[in-house]
Amino acid sequence: MTVAVPSAPRRTLHFSWAIVLVYAALIFGAAIMLYPFVYMISTSLKSAAQVYVFPPRWIPTPIVWANYVTAFGRLGIRPFINSIVFTGAIVLGQGLVTTMGGYAFARLKFPFRNALFVAYLGTLMVPFVVVSIPLFVIIARLGWQDTYQGLILPILANGAFGTFLFRQFFMALPEELADAATVDGAHHLDIFWRIYLPLSKPALVAYGVITALGAWNMYLWPLIVLQSDELKPVTLMIAQFSSSMNAQLNIMMASVAIALLPMFVLYVVGQRFFVEGIAMTGLKG
Amino acid sequence: MASTVAAPLPEPVKVTARLGRPAAPLRRRDWLWALFFLGPNLLLFLAFTLGPMLYGFGVSFVDWNMLQPARFVGIGNYVQFFVADQLTGRVVGNSVYYALGALPAAVLIPLGLAVLLNVGVRGTGLFRSIYFLPLVASVVAASTIFKWIYAKDFGTINQLTGLFGIPRQDWLFDEKLVIPALIVVAVWHRIPLNIILYLAALQNVPRTLYEAARIDGAGAWAQFRYVTWPMVTPTTFFVLIITVINLTVGGFDQVSVMTQGNPLNASNIMVFNIWRTAFVYFQMGYASAMAYILFAVVLLFTAVQWWLQRRWVHY
């Protein structure tokens, strides 16, 4: 079932003051949730002189759209390419590896299956920061510091939870489907690719969206493994801007707005997948 | 748990029939297929998850800066954390303050908002979209924005508090205010996630229970207190634990962007301290030991959740 659509039947509240109270609370909540975004947009459109005025004016006069051009000029296209490469590799790689692994655990018999599965489960509770130290040592030994493969592979490998999720999901599919196909001569790749994956589309999309969100927003691992600006994703560049002293506030807020844009668009297009993905994963991490 | 996945309906599936291949040998070749399906996954898992986990545990027993050879120190790093390190008390205290300080608001506000969204008034969809909006912001982006909202001389928080006659504060540079300031951001960022978990739970509450309560004359509060609250208790436990774990383990991005642990370690929390010990001071052994202590805390929280769920949850 989906969370996105409230199944609550619209019932008319008998007391109008109750509705007024509900709306008052909803609007108050909305104001708080929107506050930082409004601040960001307002500041990103201010002139340099207006930024440091107290009390702050929320409506910029004049509106300086050029800040966005300046901000994009400073960021350049490179961080976006890096973020897209990183996010794309993680989503596709993890999607493939976790569904295949999930299928193996759900539908195949092989030695040490249960022991291996327990090992997977055992790593679920391990915070990434714990693994980050030995990972860094390993990546340094491989000479992969400051490379795409050093950035991508350890995160791609972070798929124990996805494997677990898809194993559960595939096990819930009726086994007769696979059996029937087997009788017709289909082998496991057929069953996986033509039956199980198509049936899992909603779960796949939800998992993909959450994985994309996590990768696009990831900070700790890129911070640890990357040194040169040419390889840094947007999120890391924003953090770097934020800590540099000479950053102009209006330009910085424009940069943040630009960095948010791709995930915002994804959210507008597929809000329900965000919601389903979170209900499905509890957004671990 | 509240995780319900959209259950797909089995549709008729066309599979190209391959005649003359009996099913029996296929079963025997299962492990070959397993190698094909699980192989890449397992390789990555061993090389970059399980391997590093065990390796890191080993590193926690040595003194090592990655330049000179590692020196075995036994439980020395753990002793240093619990006995010798002057910073331990401060850092642990900050972490507990940060996590537990954020917890009540990070659980109760989403519960309240989820209940409001579940009333089903006109415009609910719009409000829901607004409440979920922090999802699109990375912690880094949110922290960057809030860092300037908190600025002493031109930040908008001081404008807001000024309305109540509170003098301007230097939120992120004040030892007493810095953690509360971080907590506000953490709660703000956490709200959508917990709303979603609560909304899923609220929809599983049978409508008939509310109807029965109304027939018995229960008002809005009584319905919440005697129907909603007990029915969402399992979710509340789940939300409590997952939130406290995320706050304990997370928080790095926020501290890294907003304060770097300043002023005077007043906002230095465990994760940030581990990162700094490893990647600024290059005390890999000591950082690993602290990381494993953090892991132990996470395991403890999980154990508590299991235990509590057995004892207290009303089903």
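**Q** For the overall build of chain A, give the residues involved together with the corresponding values.
**A** Scanning chain A from terminus to terminus reveals 15 helices and zero strands. At 24 Å, chain A has a C-alpha radius of gyration far larger than the 19 Å of a compact globule built from 285 residues. Overall, the C-alpha framework of chain A stretches about 75 × 65 × 30 Å when taken along its three principal axes. In chain A, 77% of the contacts between residues at least 6 apart in sequence involve partners at least 24 apart.

**Q** I'd love a proper account of the overall build of chain B, names of residues and values included.
**A** Per the secondary structure count, chain B includes 14 helices and two strands. Classification of the 315 residues of chain B by burial places 43% in the buried group. For chain B, the proportion of contacts with a sequence separation of at least 24, taken over those separated by at least 6, is 70%.

**Q** Provide a residue-level description of the domain arrangement of chain A, including the pertinent values.
**A** Looking at chain A, the domain boundaries give domain 1 (24–64) and domain 2 (78–229). In this structure, domain 1 of chain A and domain 2 of chain A have C-alpha centres spaced 40 Å apart.

**Q** Can you break down the interface of chain B and chain A residue by residue, with the values?
**A** At the interface, 96 residues of chain B touch 103 residues of chain A. Looking at the side of chain B that touches chain A element by element, the count peaks at 19 residues for helix 2 (residues 30–59) of chain B. Among the residues forming the side of chain B that touches chain A, the class breakdown is 73 nonpolar, 17 polar and six charged.

**Q** Residue-level account of the confidence of the model for chain B, with values.
**A** All names here are of chain B. Overall, the prediction assigns chain B a mean pLDDT of 87, with 90% of residues at 70 or greater. When the elements of chain B are averaged for pLDDT, helix 1 (residues 24–28) gives the smallest value, 52, and helix 13 (residues 270–279) the largest, 95. Segment residues 1–26: pLDDT under 50, and 44 contacts once partners within four positions in sequence are set aside and those in other chains are kept. ipTM for the predicted complex: 0.88, alongside a pTM of 0.87.

**Q** Before we move on, could you go through the confidence of the model for chain A and cite the residues and values that matter?
**A** The predicted model of chain A averages 88 in pLDDT, with 93% of residues at 70 or higher. Residue range residues 1–10 of chain A is modelled with pLDDT below 50. Its contacts to residues more than four positions away, or to other chains, number 23 contacts.

**Q** Report on the domain arrangement of chain B, specifying residues and quantitative values.
**A** When the parts of a complex come together, some accessible area is lost, and that lost area is often taken as the interface size. Residues and elements named next belong to chain B. Structurally, chain B comprises domain 1 (30–78) and domain 2 (86–312). Domain 1 and domain 2 are separated by 32 Å when their C-alpha centres are compared. Counting residues at the interface gives twelve residues for domain 1 and nine residues for domain 2. If one sorts the elements of the side of domain 1 that touches domain 2 by residue count, helix 2 sits on top with three residues.

**Q** Can you explain the nonpolar core? Please cite residues and give values.
**A** One finds Val-256 of chain A together with Tyr-198, Ile-274 and Ala-291 of chain B to be the most contacted residues of the largest nonpolar core, which totals 172 residues. What Val-256 of chain A contacts, discounting residues up to four positions off in sequence, is Met-40 and Ile-238 of chain A together with Ala-141, Thr-144 and Ile-145 of chain B.

**Q** Would you mind going over the environment of Pro-79 of chain A in detail, with residue names and values included?
**A** Looking at the element boundaries, Pro-79 of chain A is found in helix 4 (residues 78–107). Among all residues touching Pro-79 of chain A, those that are not within four sequence positions of it are Lys-232, Pro-233, Val-234 and Met-237 of chain A.

**Q** Please give an account of unusual backbone geometry that cites residues and values.
**A** All names here are of chain A. Following Thr-61, the chain continues to Pro-62 via a peptide bond in cis, the omega torsion being -5 degrees. In this structure, Pro-62 sits in the loop between helix 2 (48–51) and helix 3 (66–75). Even without being glycine, Phe-112 reaches a positive phi, approximately 65 degrees. With respect to the helices and strands, the residue Phe-112 is situated in the loop between helix 4 and helix 5 (113–122).

**Q** Before we move on, could you go through the packing of helix 13 (residues 234–243) of chain A against helix 6 (residues 139–149) of chain B and cite the residues and values that matter?
**A** Where helix 13 of chain A contacts helix 6 of chain B, the two axes come as close as 9 Å, and the packing angle between them is 20 degrees. By the angle class used here, helix 13 of chain A and helix 6 of chain B are roughly parallel. Pair helix 13 of chain A / helix 6 of chain B crosses with left-handed handedness. Residues Thr-235, Ile-238, Ala-239 and Ser-242 of chain A of helix 13 of chain A form the contact with helix 6 of chain B, whose own contacting residues are Val-140, Ala-141, Thr-144 and Lys-147 of chain B. For the contact of helix 13 of chain A with helix 6 of chain B, the per-class residue count stands at four nonpolar, three polar and one charged.

**Q** A description of the packing of helix 4 (residues 87–119) of chain B against helix 8 (residues 178–203) of chain B should follow, citing residues and the corresponding values.
**A** All names here are of chain B. One can describe the packing of helix 4 onto helix 8 by two numbers: an axis separation of 6 Å at closest approach and a directional angle of 40 degrees. When the axes of helix 4 and helix 8 are compared, the pair comes out oblique. As for how helix 4 packs across helix 8, the hand of that crossing is right-handed. Partitioned by chemical class, the residues of the contact of helix 4 with helix 8 number 24 nonpolar, four polar and one charged.

**Q** Just give me the short version of helix 1 (residues 16–44) of chain A, but keep the residues and values in it.
**A** An α-helix turns once per 3.6 residues; consequently, residues spaced three or four apart project the same way. All names here are of chain A. Here helix 1 spans 40 Å end to end across 29 residues, near enough to the 42 Å set by a 1.5 Å rise per residue. The sharpest bend along helix 1 reaches about 45 degrees and sits at Leu-34, with the proline Pro-36 one to four residues further on. All buried positions along helix 1 are accounted for by Leu-26, Gly-29, Pro-36, Phe-37, Tyr-39, Met-40, Thr-43 and Ser-44.

**Q** I'd love a proper account of the environment of Ala-180 of chain A, names of residues and values included.
**A** Checked against the element boundaries, Ala-180 of chain A lands in helix 9 (residues 175–183). Distance in space between the C-alpha atoms of Ala-180 of chain A and Val-256 of chain A is 53 Å, their sequence separation being 76 residues.

The rules behind the values
Residues numbered from 1 in each chain as written. Chains lettered and ligands numbered in written order. Predicted model: local features only at pLDDT ≥ 70, side-chain atom pairs only at ≥ 80, totals over all residues. Helix = DSSP H or I, 4+ residues; strand = E, 2+ residues; numbered from the N terminus. Rg over C-alpha atoms; globule rule 2.2 N^0.38 Å. Contact = placed C-beta atoms within 7 Å. Buried ≥ 20, exposed ≤ 12 C-beta atoms within 10 Å, placed from the backbone. Domains from an automatic or database assignment. Nonpolar A, V, L, I, M, F, W, Y, C, P; charged D, E, K, R; others polar. pLDDT = per-residue confidence, 0-100. Core = buried A, V, L, I, M, F, W, Y, C linked by C-beta atoms within 7 Å. Axes fitted to C-alpha atoms, helices over the stretch in contact; angles between N-to-C directions. Parallel < 35°, antiparallel > 145°, perpendicular 65-115°, else oblique. Left-handed = near helix turned anticlockwise from the far one by under 90°. Expected span 1.5 Å × (residues − 1). Bend = angle between axes of the 7 residues up to and from the residue.

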